[in-house]
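Each chain, written out:
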Amino acid sequence: GTKLCDQLLVDYFDSLKAMEKDLSLDVDLVVDSLVIAKDANLFGALRKGVRYVWRKMHSKYDSYHSTPYRSTMFTENQMEKIALVLVHAFAPENKEKIGTGVTLHIRGFRLGSSYTKELRLDSTEGMGNMLCHTMTLDHPDFAQAYVSSRTQRSEEILMHRCIKQIEMTGTGAADGVFQKYNVFNMHPVIYCYRLPKLVNWGENSVTLVVTKRWGGVKKYKDWSIIATSNPEYDGYDGYNSRLDPSSVDKVCWIAPCSINLNFPPQDGWKAVDPLAKGSPKISYILNDRL
């Protein structure tokens, strides 16, 4: 009887992708089935169910995890139930029974059944937001924090898609329309903006870039307007960097206390180079439609 029940739920979890395609997936039923697998010690089904929800909890905002079946698909009530199942599944006594079936590749890191029962709740993961934190799955506020962070992240992704370019005024030499580009080739995590023309800065011809956290942990983490003699400089020296931060010739302006902003601030820029004149004003140029 137990083996039959286990197999029935395994087959059910295997069918979820097909249900996603025709939009017939019942998320309440998914969560309730996961709880049944836990309570009845149906480890084959538990392995399949945990793998599915864990992937969805970490899903990226791309076509593979399209609306509505991505990390925003769970309610607080559903996440409370899921968290209890995950705590049980990741418990040391269940490691061998769950096995490598829950081993996933998430944001470039390999996570297995020995994962620490913690989840990084960062609404702007990878984007340099210093307010990110790690919360245990059994924390009383986990479900609320998870849903809130994923909802906020979804809204931020939409905002990034809406902004096509930025325009800078008020500086003279640095005025112009800056093109948006993505630092990473994988999941969009940091957007920077580059003026597509050379600017005379003192005796040099430079490219101006609006970026944040350039130079890693060594120096400026706030939004900065930098001048570089290398037109391909991406303003970042973290993972997947293309060039060394020594390519930066000048830091022209910085926006103090802007490290937690996902977009360059419209005002409040401070000149830090003698050649930086005026006060930058930034406006966002939006796409006509998405």
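Residues numbered from 1 in each chain as written. Predicted model: local features only at pLDDT ≥ 70, side-chain atom pairs only at ≥ 80, totals over all residues. Heavy atoms only, no water.

**Q** Pulling in residues and values, what's your account of the environment of Leu208?
**A** Its place among the elements puts Leu208 in strand E9 (residues 204-212). Note on Leu208: relative accessible area 0%, which makes it buried. Counting along the chain gives 33 residues from Leu208 to Asp175, while the straight-line C-alpha distance between them is 9.9 Å. Dropping the residues within four chain positions of it, Leu208 is found in contact with Ala174, Phe178, Tyr193, Arg194, Leu195, Val199, Ile226, Ala227 and Cys252. (Helix = DSSP H or I, 4+ residues; strand = E, 2+ residues; numbered from the N terminus. Buried < 20%, exposed > 50% of the residue type's maximum accessible area, 1.4 Å probe, protein only. Contact = heavy atoms within 4.5 Å.)

**Q** I'd love a proper account of the packing of aromatic side chains, names of residues and values included.
**A** What the rule picks out here adds up to 5 aromatic pairs. Relative to Phe13, the ring of Tyr12 has its centre 5.5 Å away and its plane inclined at 55°; by these criteria the two rings are tilted. Of the two residues examined, Tyr12 and Phe13, each falls in the buried class. Considering the side-chain rings of Tyr193 and Trp223, the 6.5 Å spacing of their centres and the 40° angle between planes classify their relative orientation as tilted. Taken together, the residues span a long stretch of sequence, with Tyr193 in strand E7 (residues 191-194) and Trp223 in strand E10 (residues 223-228) at a distance of 30 residues. The residues Tyr193 and Trp223 share a single accessibility class, namely buried. (Phe/Tyr/Trp six-rings, centres within 6.5 Å; stacked < 30°, edge-to-face > 60°.)

**Q** Explain the confidence of the model for the protein chain to me, and be specific about the residues and the numbers.
**A** Looking at the protein chain as a whole, the pLDDT averages 77, with 72% of positions reaching at least 70. Least confident of the elements in the protein chain is strand E2 (residues 109-111), whose mean pLDDT is 33; most confident is helix H3 (residues 27-39), at 97. Note that pLDDT drops below 50 for residues 120-133; the model gives that stretch 46 contacts with residues more than four away or on any other chain. Of the regions scoring below 50 in pLDDT, residues 235-244 engages in 31 contacts with residues more than four places distant in sequence or in other chains. (pLDDT = per-residue confidence, 0-100.)

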